[in-house]
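# Topology and contacts: notes
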Amino acid sequence: DMKNVYVRLMQGIDDIASSSFRSGLSRFPARETHVKVPDDMEGAVLLYETQWRHMHGLVSASLLYAEILRIEPYEEYSGLFAYLILAGELLRNGILPPCFEPDSIDEEKAAFSLAIKQGNYSLFTSYVERAVHSSYKEIENV
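Anyway, here's the lowdown on the structure attached to this text. (Residues numbered from 1 in each chain as written. Predicted model: local features only at pLDDT ≥ 70, side-chain atom pairs only at ≥ 80, totals over all residues. Heavy atoms only, no water.)

A word on helix α3 (residues 57-71). The end-to-end C-alpha separation of α3 is 21 Å, in line with the 21 Å expected for 15 residues at 1.5 Å each. Among the 15 residues that make up α3, 14 are buried, leaving the element largely enclosed by the rest of the structure. Looking at the residues trailing α3, positive phi occurs at E72, about 50°. (Helix = DSSP H or I, 4+ residues; strand = E, 2+ residues; numbered from the N terminus. Expected span 1.5 Å × (residues − 1). Buried < 20%, exposed > 50% of the residue type's maximum accessible area, 1.4 Å probe, protein only.)

A few words on the packing of helix α2 (residues 37-50) against α3. Following both chains from N to C, one finds α2 and α3 inclined at 175°, their axes separated by 10 Å at the closest point. Classified by the angle their axes make, α2 and α3 are roughly antiparallel. The segment α2 lies against α3, with V37, D40, M41, A44 and Y48 engaging S60, L64, E67, I68, R70 and I71. Each residue belonging to the contact of α2 with α3 can be placed in one class, and the counts come to 7 nonpolar, 1 polar and 3 charged. (Axes fitted to C-alpha atoms, helices over the stretch in contact; angles between N-to-C directions. Parallel < 35°, antiparallel > 145°, perpendicular 65-115°, else oblique. Contact = heavy atoms within 4.5 Å. Nonpolar A, V, L, I, M, F, W, Y, C, P; charged D, E, K, R; others polar.)

With that settled, consider the packing of helix α5 (residues 105-118) against helix α6 (residues 122-141). Two quantities define a packed helix pair, namely the angle between the helix axes and the distance between the axes. Contact pair α5 / α6: the axes reach a minimum separation of 8 Å and the direction vectors enclose 150°. Viewed along their axes, α5 and α6 adopt a mutual orientation that is roughly antiparallel. Residues E107, E108, A111, F112, L114 and A115 of α5 pack against L123, F124, Y127 and R130 of α6. Among the residues forming the contact of α5 with α6, the class breakdown is 7 nonpolar, no polar and 3 charged.

Looking at where S135 falls in the secondary structure, it is placed in helix α6. A distance of 2.5 Å separates the side chain of S135 from the backbone oxygen of P97, its partner in a polar contact. Those residues in contact with S135, other than ones at most four positions away along the chain, are L96, P97, P98 and C99. (Polar contact = N/O pair within 3.5 Å; in protein donor to acceptor, adjacent residues only side chain to side chain.)

This part is about the side chain of T125. Within the secondary structure layout, T125 lies in helix α6. Those residues within four positions of T125 in sequence are excluded, and the remaining contacts are V59 and S62.

Before going further, it helps to spend a moment on a nonpolar patch on the surface. Among the surface-exposed residues, I13, Y77, L80 and L84 lie close enough to one another that they form a single nonpolar patch of about 360 Å² accessible area. Examined against the element boundaries, L84 turns out to sit in helix α4 (residues 78-92). Residue L84 is classed as partly exposed on the basis of its relative accessible area, which comes to 36%. (Patch = residues over 30% accessible without salt bridge, like charges linked within 9 Å, V, L, I, M, F, W, Y side chains within 5 Å. Areas by Shrake-Rupley, 256 points an atom, 1.4 Å probe, with all protein chains shown as cover. Salt bridge = Lys/Arg side-chain N within 4 Å of Asp/Glu carboxyl O.)

Given two aromatic rings, one states the distance between the centres and the angle between the planes to describe the pair. Using the criterion set out here, one finds 8 aromatic pairs in the structure. An angle of 85° between the planes, with centres 5.6 Å apart, marks the rings of F28 and F112 as edge-to-face. Within this pair, whereas F28 is found in the loop between α1 (2-9) and α2, its partner F112 is found in helix α5, the two being separated by 84 residues in sequence. Here the aromatic cluster, defined as three or more aromatic residues joined through ring pairs, consists of F28, Y65, Y83, F100, F112, F124 and Y127. (Phe/Tyr/Trp six-rings, centres within 6.5 Å; stacked < 30°, edge-to-face > 60°.)

Our next topic: unusual backbone geometry. If you check the backbone angles, E72 has positive phi at about 50° while not being a glycine. By the secondary structure assignment, E72 is in the loop between α3 and α4. Exposure remark for E72: the relative accessible area of 23% places this residue in the partly exposed category. The backbone of Y77 sits at a positive phi, close to 60°, despite the residue not being glycine.

Function-wise, these values are silent; they only describe arrangement.
Printed below as a string of structure tokens:
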């Protein structure tokens, strides 16, 4: 299903290359060994299906979002693709998508870097949680 999201995102932009993952290795390897993108994506989806899906919706969506950002499965628009997957998973769980502020990009990068290096996603999940909270505040102001 995630590939279909990317194909729809790229419709009219790149109809040929959008149907497959990029060649090469993950941008930010989770382990000392480097893993090819298709294999790493398969592992991330397997983790999601077997373990993360049973967690709170915000946590499982944040973990999946971080993994897609870590792997960067496509040459173009991987960040947007990761956000669409995050938003879809949150909406599926009855949670508004996050409202990421442009001035918080440094905080996101720091939390993401720490998560990748230490394997502890609590700060990254907390960052996403605060962004979701901002979404609710925005709706409250309407």
